Amino acid sequence: MKFCTVKQYFDDENNNNVTNGIATTVIPLPNKHLKIKANNKEMEQYEQELLRNVMPQELTKLILAANYLNFKEALDFFCRTVANAIQNKSVDYVRKFFGLESDFEPGEEEKLCKEFAWSFEGVDED
Amino acid sequence: MDGFDRIPDPLILFIFNSLSDVKTLIRCRAVSKRFNSLVPQTESLLLKVDCVISPESDESDTPFLHFFKTIVKSVHNLVSLSAKTHPELQNRPARSQNSPAQILRGFERIRDLVIELPAGDLKLDRNAVVKWRAEFGKTLKNCVIFAFRDIKPSTSTHIPAEFADLDFAGGLKLRVVWTISALIAASARHYLLRELVEEHEEIEKLVLTDKEGEGTLVMNKEGLAELRAAGVAQVSEHKEWAAHYRGWDQESNGSRTMVPSVRMRMRHVAKTELNSGGWLDGATLVVVRPTTIMCKDGVAEVEVNEEGQRVDDVEEDVAGDVNLALKAFEDDGVCGEAVQALVKTRSYHLEMNSF
């Protein structure tokens, strides 16, 4: 049921979306998920571990893999993890986390900061 | 540029919807052009209103007496309750105050919105607790209120003397005061939402709650449509929101939606024992519903049967009330437990005119 895409994946010969490394992380997830479902605290610990061990790059691949495999629970989980990680963090932190660079024109970013001054108060320390 | 650039827009939106926190999301707009265009499409939002209070705000000790005299003429000898200040609110410096409507203007596709005020509104006596859960459309649809005077650890099963002295009438006054306070607080909060609801026709569910969990106001799709259809005034509510940030005062002439004529089913128990071992003093449960039913074309009607007499289908009413009450507090440990006990007790029927 969850793994109709997996069958397709194995059938596909030329597949760039999911490397082996990622597959080994994502596929054991449903078992782990079932075990952890009852215990939220364990889930939090697992989340923390995941964040520490997995660089944003890896997390990208995990999310893409989960999406490709149509694995809703894993996708949910990874996206929530990302959301929790960037909750109340500064713009720079978010940029570093996502590995993005600002593509704004020189004045644009300041304009945004000014317009939404309220949202820049009380930010967590990086 | 690799990394998250490879993630398609819908997935980024999924992350934003999981995040929900408006402050962080707005900040994310400054990350890149792509984020700037995606953030406004987030559908599920949580807006935590910052606690802002100016140093010179006055929390004076005026009793409720004046206020209630103008509102409820039928209740005599009102209990005077001293205003309880919110110490934690008073120490923060004044900061920019924005109304939620202004903050949310950037979002175009809000479906699910939760707004969290920094604190509750009611100022109560000592250890009293009042909690309410209300549903609104254009006006009040229903409200469940749960309150108690005190929560005591179970050192003894002896009911203290002062409680035994509390005669029925005195107890009733206090309960009515609680009920009216909760209804006023709910109506004042409802009043704040008009501008927001008008501006965002796409909202399907709106919840206005507070950090202390005192009051929760819910408007679902139908209720929101009703409010919009009523075409209410576009008055800017910036200062009204500001009043709620500072520590809303029932005595200020703050505006609020009118509370319709209501009937209330009240249950109360002198002493409610809890599973944890403690007990609640004077636990009270009130379910409030309007007596007039608004038809779709805006005409008020009272349910009548064939003979033209008012329908008062008591049994169905009671069951409906019980379900409402249980549902309202099912997530709340102590209150949920007490409500479950209270719904089994006898209820008293009260009616009140609109105010």
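Scoring rules and cut-offs
- The residue numbering used here restarts from 1 in each chain and proceeds along that chain's sequence as written.
- Each chain takes a letter, starting from A, and each ligand takes a number, starting from 1, following the order in which they are written.
- Confidence filtering applies because this is a predicted model: local features only for residues at pLDDT of at least 70, side-chain atom pairs given and counted only at 80 or more, and all residues used for totals across whole chains, interfaces and linings.
- Think of the side-chain values as coming from all heavy atoms in the structure, minus any hydrogens and water.
- UniProt positions are given in the numbering used here, feature names are shortened, and annotations may be inferred rather than shown by experiment.
- Each helix corresponds to a stretch of at least 4 residues labelled H or I by DSSP, and each strand to a stretch of at least 2 residues labelled E; elements are numbered beginning at the N terminus.
- Residue contacts follow a heavy-atom distance rule, with two residues in contact if any of their heavy atoms lie within 4.5 Å.
- In short, buried area is how much 1.4 Å probe accessible area vanishes from two parts on joining, totalled over both.
- Salt bridge criterion: a side-chain nitrogen from Lys or Arg within 4 Å of a carboxyl oxygen from Asp or Glu.
- The definition of a polar contact used here is a pair of N or O atoms within 3.5 Å, where within protein one atom must be able to donate a hydrogen and the other to accept one, and adjacent residues in sequence count solely through side-chain atom pairs.
- Asp, Glu, Lys and Arg are counted as charged, while Ala, Val, Leu, Ile, Met, Phe, Trp, Tyr, Cys and Pro are counted as nonpolar; the rest, among them Gly, fall into the polar class.
- Axis lines are fitted to C-alpha atoms, over the contacting stretch for helices. Their N-to-C directions set the angle, which ranges from 0 to 180 degrees.
- Roughly parallel here means an angle under 35 degrees, roughly antiparallel means over 145, roughly perpendicular means 65 to 115, and every remaining angle is called oblique.
- The sense of a crossing depends on the near helix, which, turned anticlockwise from the far helix by less than a right angle, makes the crossing left-handed and, turned clockwise, makes it right-handed.
- Count a disulfide wherever a pair of cysteine sulfur atoms falls within 2.5 Å.

Under an unreviewed UniProt entry, the name given to chain B is F-box domain-containing protein, and the source organism is Quercus rubra.

Chain A has the name SKP1 component dimerisation domain-containing protein in an unreviewed UniProt entry, where Quercus rubra is given as its organism. In UniProt, chain A has this text filed under Pathway (unreviewed entry): "Protein modification; protein ubiquitination."

Trainee: Looking at this model, I keep getting lost on the UniProt feature "domain: SKP1 component dimerisation" (unreviewed entry) in chain A. Mind explaining?
Mentor: Within this structure's numbering, the places UniProt gives as "domain: SKP1 component dimerisation" (unreviewed entry) are residues 75–118 of chain A. Across residues 75–118 of chain A one finds 68% helix and 0% strand; the C-alpha atoms that close the span lie 32 Å apart.

Trainee: What exactly am I supposed to notice about the interface of chain A and chain B here?
Mentor: Size of an interface, as often reported, equals the accessible area lost when the parts are brought together. Listed as interface residues are 40 residues of chain A and, on the opposing side, 35 residues of chain B. Both sides together, the interface formed by chain A and chain B hides about 3,400 Å², and carbon and sulfur atoms give 67% of it. It is Phe98(A), Leu100(A) and Trp118(A) that lose the most area in chain A upon contact with chain B, and together they represent 22% of the buried surface on that side. Run the count over chain A and chain B and you get one salt bridge. A salt bridge links Lys33(B) to Glu105(A); its shortest N-O distance comes to 3.5 Å. Seen at the junction of chain A and chain B, the total is seven residue pairs in polar contact (both at pLDDT 80 or more). Only helix H5 (56–68), helix H6 (72–86), helix H7 (91–98) and helix H8 (106–115) of chain A provide two or more residues apiece to the side of chain A that touches chain B. Of the residues belonging to the side of chain A that touches chain B, the class tally is 19 nonpolar, 10 polar and 11 charged.

Trainee: Could you clarify how one ought to interpret the packing of H6(A) against H7(A) in this entry?
Mentor: Two numbers describe a pair of packed helices, the interaxial angle and the distance between the axes. Residue and element names in this part refer to chain A. Where H6 contacts H7, the axes come no closer than 10 Å and their chain directions differ by 145 degrees. Two secondary-structure elements touch here, H6 through Val-82, Ala-85 and Ile-86 and H7 through Tyr-93, Val-94, Phe-97 and Phe-98. By residue class, the composition of the contact of H6 with H7 is seven nonpolar, no polar and no charged.

Trainee: Any chance you could explain the packing of H6(A) against helix H1 (residues 9–19) of chain B here in plain terms?
Mentor: Between H6(A) and H1(B), the shortest axis-to-axis distance is 8 Å and the interhelical angle comes to 60 degrees. Overall, the two elements H6(A) and H1(B) adopt an arrangement that is oblique. Where H6(A) crosses over H1(B), the two elements pack in a sense that is right-handed. Touching Leu75(A), Asp76(A), Cys79(A), Arg80(A), Val82(A), Ala83(A) and Ile86(A) of H6(A) are Leu11(B), Phe14(B), Ile15(B), Ser18(B) and Leu19(B), all from H1(B). Classifying every residue of the contact of H6(A) with H1(B) gives nine nonpolar, one polar and two charged.

Trainee: Got a minute to help me understand the state of the cysteines in this structure?
Mentor: Think of a disulfide as a covalent bridge from one cysteine sulfur atom to another cysteine sulfur atom. Within this structure, the stated rule accounts for zero disulfides over all chains. Of the cysteine sulfurs around Cys79(A), a residue in no disulfide, the closest is that of Cys28(B), at 14 Å. The cysteine Cys28(B) is free of any disulfide, with Cys113(A) supplying the nearest cysteine sulfur at 12 Å.

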